[in-house]
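# Fold and contact review
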Amino acid sequence: MSELANQLSELRGRFDAAVADAPDADTLEAVRVAFLGRSGEVTLLRRGIGQLPAAQRPAAGKTINAAVEVLEAQLLEAERRLATGNFDAELAKRIDVTFPAIAPLRGSIHPIRRVMDDICAYFERHGFAVVLGPEIEPDYYNFDALNIPPDHPARDGFDSFFLTDHLLLRPHTSPMQIRTMQQHKPPVAVVTPGKCYRRDAVDARHLYQFHQCEGLLVAQGIHFGHLKGMLTGMCRELFGPDQQVRFRPSYFPFTEPSAEVDTTCPVCHGLGGTCRMCGGSGWIELGGAGMVHPNVLSEMKYDAGAVSGWAFGFGLERLAIVRYDVDDIRRFVENEPDFLQQLA
Ligand code: PHE
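Residues numbered from 1 in each chain as written. Predicted model: local features only at pLDDT ≥ 70, side-chain atom pairs only at ≥ 80, totals over all residues. Heavy atoms only, no water.

## Section: the environment of glutamate 135
Within the secondary structure, glutamate 135 sits in the loop between strand S1 (129–130) and strand S2 (136–138). Dropping the residues within four chain positions of it, glutamate 135 is found in contact with Leu168, Leu169, Arg170, Lys195 and Tyr197. Within the structure, the side chain of glutamate 135 is placed 2.5 Å from the side chain of tyrosine 197, a separation counted as a polar contact. (Helix = DSSP H or I, 4+ residues; strand = E, 2+ residues; numbered from the N terminus. Contact = heavy atoms within 4.5 Å. Polar contact = N/O pair within 3.5 Å; in protein donor to acceptor, adjacent residues only side chain to side chain.)

## As for the nonpolar core
Core analysis: the largest hydrophobic core is formed by 48 residues, its most contacted members being Ile119, Phe123, Trp310, Phe312 and Leu319. Mapped by element, the contributors of at least two residues to this core are helix H5 (111–125), strand S5 (188–197), strand S6 (209–219), helix H9 (224–239), strand S9 (283–292), strand S10 (308–315), helix H11 (316–324) and helix H13 (337–343). With 23 residues, the next largest nonpolar core counts Met181, Val292, Leu297 and Ala311 among its residues. (Core = buried A, V, L, I, M, F, W, Y, C linked by side-chain atoms within 4.5 Å. Buried < 20%, exposed > 50% of the residue type's maximum accessible area, 1.4 Å probe, protein only.)

## Digging into the pattern of salt bridges
What the rule picks out here adds up to 14 salt bridges. Close ionic contact of glutamate 10 with arginine 14 constitutes a salt bridge, the shortest N to O distance being 2.7 Å. Within this pair, glutamate 10 and its partner arginine 14 are both found in helix H1 (residues 3–21), separated by four residues, close to a single helical turn. Glutamate 10 gets classed as partly exposed once you look at its relative accessible area, which sits at 44%. (Salt bridge = Lys/Arg side-chain N within 4 Å of Asp/Glu carboxyl O.)

## Points about the site of the ligand
Residues in contact with the ligand amount to 14 residues; listed here are only the nearest, His172, Ser174, Arg198, Gln212 and Gly313. Between the ligand and the protein, one listed contact pairs a nitrogen atom with a side-chain N or O atom of histidine 172 at 2.9 Å. In this structure, glutamine 212 approaches the ligand through a side-chain N or O atom, which is 3.0 Å from an oxygen atom. Contact with the protein chains covers 93% of the free accessible surface of the ligand, which is 330 Å². Elements supplying a minimum of two residues to the shell around the ligand: S6, S9 and S10. (Near = heavy atom within 4 Å. Areas by Shrake-Rupley, 256 points an atom, 1.4 Å probe, with all protein chains shown as cover.)

## Comments concerning the pairing of S10
Among the eight residues that make up S10, seven are buried, leaving the element largely enclosed by the rest of the structure. Judged from the eight bridges that link them, S6 and S10 form a sheet pairing that is antiparallel. Bridged to cysteine 213 within S10 is phenylalanine 314. The sheet contact formed by S9 and S10 spans five bridges and is antiparallel. Residue pairing in the sheet places methionine 291 in a bridge with tryptophan 310 of S10. (Pairing = 2+ DSSP bridges.)

## A word on a nonpolar patch on the surface
Where nonpolar side chains cluster on the molecular surface, the patch consists of Ile136, Leu163 and Leu167 and spans about 240 Å² of accessible area. Take isoleucine 136: it is sitting in strand S2. Residue isoleucine 136 is classed as partly exposed on the basis of its relative accessible area of 43%. (Patch = residues over 30% accessible without salt bridge, like charges linked within 9 Å, V, L, I, M, F, W, Y side chains within 5 Å.)

## Considerations on the domain arrangement of the protein
According to the domain assignment, the protein contains domain 1 (2–92) and domain 2 (111–343). Just the C-alpha atoms count here: the centres of domain 1 and domain 2 sit 72 Å apart. (Domains from an automatic or database assignment.)

In structure tokens, the structure reads:
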């Protein structure tokens, strides 16, 4: 027998013994490294090929390769044997059926959904209908009919995702004012919650997808006082019995007069000071509102001389942040069970 064959046969003897003795996968791995690893014994033998006369090298290479195949097959076989052994040992253990089970995670209503449900419930109790609308809108519903003609600068303010020249992901729920008035003669009283989209960079206060709830009431003799009364009632329901609502003059093309709506900060109860939630102002902004613009009523063939109405649009994430004292709007979409359980 050649020198190489002798060496291999001696090596296999030790390899067989080591594999047979290995009690677990880790030891088996150590055996593999010692024999077949990068600086293992077989590799050293392979390096020796270089010293042989050129004519003998190919045969020597083949002999080593053949041996390696056999060793690897043995390792695989041993691995399988160990794995089955473990399984059998597990099966043999006694199963204690009286041991307490791991409680499954219970699902809960998402905080945004809860705010949405509560707002809808409040308005339904006051005779409003809840209606849902499409998230993809033609620009007519989103802009033109809302008194925002093609070249109006307010279009830019909505930072919309356009799908085609005339279709966009709605940046607010106000198109539902139009859809409602198109389908119904006054009086109309609806709230319409739903998803909205804007090209906003994501941070602690912004997501590119968020929720709004729109409200619309048009009938004879509706005035700003009705708006204030309904919104005050809504805030008391959501945040507690002492809530106040205030209106700051603002501008929306589809309402006149228009306002930004604030409610007393439910964390500091309007005291301000060093309150982190309201930044010390004592007020939290809810969204926009106003009296429906006569141009919008006329576009809907409503008699602007005979009926009047108000509308509002509030961000639901905003309301949820305040209601549940959440520090970052992104938590609402991260789907963290810990977070959701806490608010459940
Ligand atoms: N649609 C407005 C916005 O998203 C809010 C709004 C709704 C204002 C209804 C007035 C009336 O900013």
